[in-house]
Amino acid sequence: MNRLFGSSGPKPPKATLNSAIGNIDTRISSIDVKLAALSAELQGYQSKLSKMRDGPGKTALKQKALKVLQRRKQYEAQRDQLQSQVWNMEQAQTMQDNLKNTMVTIDALQSTNKALKKEYGKVNIDKIERLQDEMADLLDVGNEIQESLARSYDIPDDVDEAELDAELEALGEEMEMDREFGGMEGNSALPSFMQDEVPDFIDEAPNKNTAGKVQQAAG
């Protein structure tokens, strides 16, 4: 039944540019082999013709050489056509590859654009502007605080320097007198641990005889 009406079997895979280029290259290689053989045959005829005299034999050999030359030209024409086809398909392959690369680039750009839109959608420009304004205000406040802390307190212009000198000299004399009287009092006074102070734990004050002995021992 299948032989009479045919069968819908699996279809062969479609040829690609790479496979088509490979097939034509194989044909070109086969033609090159034939061209090499024909060229060698022509060289043999040419060598013989150059040694022969004019006559029927030389004419017959020349006719054979012309047929070989004609065949070689036909093969050369076929090779040129096949090489042109290969060139065209290689150009088409290059364009196809470039198109694939372009599509990949476009897909990447679209994905990046989508991601950027999503991220930028989270940014509130008004909030950023307010933040910048608040930061500027804080910087101004900080500058004012620094200027206030760095304020210098100068002596008023109406202060008399002569009065300052006299007051300074009086302070010096007062300190000198304090040192003199303070030294005299210090020489006659007892140390603090030998003064007539009654500790809290003693009920009765020491008598005068005991204090005198202590002073003599200290002297």
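Criteria and cut-off values
- Residues numbered from 1 in each chain as written.
- Predicted model: local features only at pLDDT ≥ 70, side-chain atom pairs only at ≥ 80, totals over all residues.
- Heavy atoms only, no water.
- UniProt positions renumbered as here; feature names shortened; annotations may be inferred.
- Helix = DSSP H or I, 4+ residues; strand = E, 2+ residues; numbered from the N terminus.
- Expected span 1.5 Å × (residues − 1).
- Buried < 20%, exposed > 50% of the residue type's maximum accessible area, 1.4 Å probe, protein only.
- Contact = heavy atoms within 4.5 Å.
- Axes fitted to C-alpha atoms, helices over the stretch in contact; angles between N-to-C directions.
- Parallel < 35°, antiparallel > 145°, perpendicular 65-115°, else oblique.
- Left-handed = near helix turned anticlockwise from the far one by under 90°.
- Nonpolar A, V, L, I, M, F, W, Y, C, P; charged D, E, K, R; others polar.
- Salt bridge = Lys/Arg side-chain N within 4 Å of Asp/Glu carboxyl O.

- The name an unreviewed UniProt entry gives the protein is Snf7 family, with Podospora didyma as the organism.
- Under the UniProt heading Sequence similarities (unreviewed entry), the note attached to the protein is "Belongs to the SNF7 family."

### Notes on helix H3 (residues 56-120)
Thought 1: End to end, H3 covers 95 Å across 65 residues, agreeing with the expected 96 Å (1.5 Å per residue, within 8%).
Thought 2: Three or more residues of H3 are buried, namely Leu61, Ala65, Val68, Tyr75, Leu82, Val86, Met89 and Gln93.
Thought 3: In this fold, the buried residues of H3 make contact with helix H2 (17-51).

### Some thoughts on the packing of H2 against H3
Thought 1: Contact geometry for H2 and H3: axes closest at 8 Å, N-to-C directions at 160°. Our classification of the angle between H2 and H3 gives roughly antiparallel. Read as a crossing pair, H2 and H3 show a hand that is left-handed.
Thought 2: Taken together, the residues of the contact of H2 with H3 break down into 20 nonpolar, seven polar and 14 charged.

### Brief notes about the side chain of glutamine 93
Thought 1: Note on placement: glutamine 93 falls in helix H3.
Thought 2: Every residue in contact with glutamine 93, bar those within four places of it in the chain, is listed here: Leu17 and Asn18.

### Observations regarding the pattern of salt bridges
Pairing between side chains of opposite charge can happen when the charged atoms of each approach one another.
Thought 1: The tally for this structure, following the rule as stated, stands at four salt bridges.
Thought 2: Its salt-bridge partner being aspartate 54, residue lysine 58 comes within 3.1 Å of it at the nearest N-O pair.
Thought 3: Of the residues examined, aspartate 54 reaches a relative accessible area of 70% and is grouped as exposed.
Thought 4: For lysine 122, the salt bridge is made with glutamate 119, and the minimal N-O distance between the two is 3.8 Å.
Thought 5: Using a relative accessible area of 60% as the deciding quantity, one classes lysine 122 as exposed.
Thought 6: Exposure remark for glutamate 119: the relative accessible area of 44% places this residue in the partly exposed category.

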